[in-house]
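One-letter residues, chain by chain:
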Amino acid sequence: MSIENPNKGCMSVDLRQGKIPEKTVFVSAVALVDADHRVLIAQRPEGKSMAGLWEFPGGKVEAGETPEMALVRELKEELGIDITESCLAPFTFASFAYDDFHLMMPLYLCRVWKGEITPMEGQQVKWVRPIRLKDYPMPPADVPLVAMLRDFL
């Protein structure tokens, strides 16, 4: 009987040889899913880093906040909608080393909210079928999440 290497196909990276970001940024994001099983994405506005790329709504987790609290606050500020923490279902997370920081980002699913989605910061938003998410350029940390959503939804 042979046992396959469980890491076969996984890349091995020795971080000690490369540049390790000094700062870790904790961001919380959500895949809002409508009744037609489409996912909301927002385009990063001009003037922000990675402007023009599409992402899942959310934002930085501030001191004293849980990831869920941050999403409640961010979705009110960015999209003008109200959600409750109990409507956020943990789905997966991203861990990605950018040049100047390391990003940790839990991704939640949410199917229930109050209010009309209204871009409050001038960003463009789109409802997209999970199979079409790959057609939108996204930050590198978000890319692996697309396949997971596609397979799940």
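What you see is a predicted model; the values in this text were computed from it and never measured. (Residues numbered from 1 in each chain as written. Predicted model: local features only at pLDDT ≥ 70, side-chain atom pairs only at ≥ 80, totals over all residues. Heavy atoms only, no water.)

**Brief notes about the overall build of the protein chain**
Our working rule: Strands are runs of DSSP state E lasting at least 2 residues, helices are runs of H or I lasting at least 4, and numbering of each runs from the N terminus. Throughout, exposure labels follow a simple rule: accessible area from a 1.4 Å probe, protein chains only, divided by the maximum for the residue type, with under 20% read as buried, over 50% as exposed, and the rest as partly exposed. Any two residues whose heavy atoms approach within 4.5 Å are treated as being in contact. In these tables, accessible area is a Shrake-Rupley quantity obtained with a 1.4 Å probe, and a residue counts as shielded only by the protein chains included in the view.
What the protein chain contains, in helices and strands, is two helices and seven strands. The secondary structure elements of the protein chain, listed N-terminal to C-terminal, are β-β-β-β-α-β-β-β-α. Relative to its 153 residues, the protein chain shows a buried fraction of 37%. Taking all contacts inside the protein chain whose residues are at least 6 apart in sequence as the whole, residues at least 24 apart take part in 67%. With the model as given, the accessible surface of the protein chain reaches about 9,500 Å², and the carbon-plus-sulfur share is 55%.

**Thoughts on the sheet that holds strand S3 (residues 54–55)**
Strand pairing in a sheet is mediated by backbone hydrogen bonds. Such pairs are either parallel or antiparallel. Quick reminder of the rule: Note on pairing: two strands pair once DSSP finds at least 2 bridges between them.
Taken in spatial order, the three strands of this open sheet run S3-S2-S7, and their pairing is antiparallel. Looking along the sheet, the strands with just one partner apiece sit at the ends: S3 and strand S7 (125–128). Bridging between strand S2 (residues 39–43) and S7 involves four bridges; their strand directions are antiparallel. Looking at S7, one finds that Val 39 is bridged to Val 128.

**Quick notes on the pairing of strand S6 (residues 102–110)**
The element S6 is extensively covered by neighbouring structure, given that seven of its nine residues are classed as buried. In this structure, strand S1 (residues 24–32) lies alongside S6, joined through seven bridges in parallel fashion. Opposite Ala 31, over in S6, you have Leu 109 as the bridge partner. Two strands pair when backbone bridges link them, and strand S5 (residues 89–97) and S6 are joined in this way by eight bridges, in the antiparallel orientation. When the sheet's bridge partners are listed, Ser 95 is paired in S6 with Met 104. Here S5 hands over to S6 after four residues, the two strands then running antiparallel side by side.

**Describing helix H2 (residues 143–152)**
We apply this condition: The arc under discussion is defined with respect to the helix axis, by the directions toward the C-beta atoms.
Inspection of H2 places Leu 145, Val 146 and Leu 149 among the buried residues, and these make up the whole buried set. One face of H2 carries all of its buried residues, which in axial projection span an arc of 110°. Those residues of H2 that are buried are in contact with S1, S5 and S6.

**Observations regarding the state of the cysteines**
Let me state the cut-off plainly: Cysteine sulfur atoms are paired as a disulfide whenever they fall within 2.5 Å.
By the definition in use, this model includes zero disulfides. Sulfur of Cys 87: no disulfide; nearest cysteine sulfur belongs to Cys 110 and is 5.6 Å away. On the basis of relative accessibility, which here comes to 27%, the residue Cys 87 falls in the partly exposed class. Look at Cys 110 and you get buried, because its relative accessible area is 1%.

**With respect to the nonpolar core**
Defined as follows: What is meant by a nonpolar core is a set of buried Ala, Val, Leu, Ile, Met, Phe, Trp, Tyr and Cys residues, joined one to another through side-chain atoms within 4.5 Å.
Core analysis: the largest hydrophobic core is formed by 23 residues, its most contacted members being Phe 56, Leu 103 and Leu 133. Grouped together as the second largest cluster of nonpolar side chains are 12 residues, Leu 32, Leu 71, Leu 75 and Ile 81 included.

**A short note on the confidence of the model for the protein chain**
Note the following rule: A residue's pLDDT is the predictor's confidence in that residue, given on a scale from 0 to 100.
Counting all residues, the mean pLDDT for the protein chain is 89, and 88% of those residues have values of 70 or more. Note that residues 11–16 has pLDDT below 50 and, in this model, one contact with residues that lie over four places away or in other chains.

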